[in-house]
Amino acid sequence: MTISKALGYGLVIGGTIVKVPQLIKILISKSIFGISFISILMESMTNWVMIVYSWWRGNPFSIYGENVFLLIQNIIILGFFVSYGNKATPK
């Protein structure tokens, strides 16, 4: 049980940094070229469903916490689509 909990929280910690390299690259290039808006939107919706379902079922945060941080990072990327949408060219 302890190993399972530790692995769950390890995934939550890993989820906090999964998209950081992508976010940094977008910030440096000031471009969203090559990123699919629909795929980020669908991933965000999937994360949201997982969070709500797991919370509703009373699951511990270690089960769905990774999705919380992935959703936050996806929302930031979706915000970049608004900011850099007209400049979606390769650099």
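Asks: For the pattern of salt bridges, give the residues involved together with the corresponding values.
Replies: Between side chains of opposite charge, a pair can form as their charged atoms come close. Taken as a whole and assessed by the stated rule, the structure comprises one salt bridge. Close ionic contact of K19 with E43 constitutes a salt bridge, the shortest N to O distance being 3.2 Å. Here K19, found in the loop between α1 (2-15) and α2 (20-29), pairs with E43, found in helix α3 (residues 37-57); they are 24 residues apart in sequence, far enough to count as distant.

Asks: Help me get a handle on the nonpolar core, residues and values and all.
Replies: Core analysis: the largest hydrophobic core is formed by 10 residues, namely L23, I26, I32, I35, I40, I77, L78, F80, F81 and Y84. Those elements giving two or more residues to this core turn out to be α2 and α4 (61-84). With five residues, α4 is the largest single contributor of residues to this core. Apart from residues lying up to four places away in sequence, F80 is in contact with L23, I26, L27, I32 and G85.

Asks: Account for the packing of aromatic side chains, naming residues and giving values.
Replies: This structure, assessed with the given rule, holds five aromatic pairs. Each ring, one from Y53 and one from W56, has its centre 6.3 Å from the other, and the planes form 40°; the classification is tilted. Note that Y53 and W56 are positioned in helix α3 at a spacing of three residues, about one turn of the helix. Its relative accessible area of 45% is what places Y53 among the partly exposed residues. When the centroid spacing of 6.4 Å and the interplanar angle of 85° are considered together, the rings of F61 and F69 count as edge-to-face. Members of the aromatic cluster, each reached through a chain of ring pairs, are F61, Y64 and F69.

Cut-offs and rules
- Residues numbered from 1 in each chain as written.
- Predicted model: local features only at pLDDT ≥ 70, side-chain atom pairs only at ≥ 80, totals over all residues.
- Heavy atoms only, no water.
- Salt bridge = Lys/Arg side-chain N within 4 Å of Asp/Glu carboxyl O.
- Helix = DSSP H or I, 4+ residues; strand = E, 2+ residues; numbered from the N terminus.
- Core = buried A, V, L, I, M, F, W, Y, C linked by side-chain atoms within 4.5 Å.
- Buried < 20%, exposed > 50% of the residue type's maximum accessible area, 1.4 Å probe, protein only.
- Contact = heavy atoms within 4.5 Å.
- Phe/Tyr/Trp six-rings, centres within 6.5 Å; stacked < 30°, edge-to-face > 60°.

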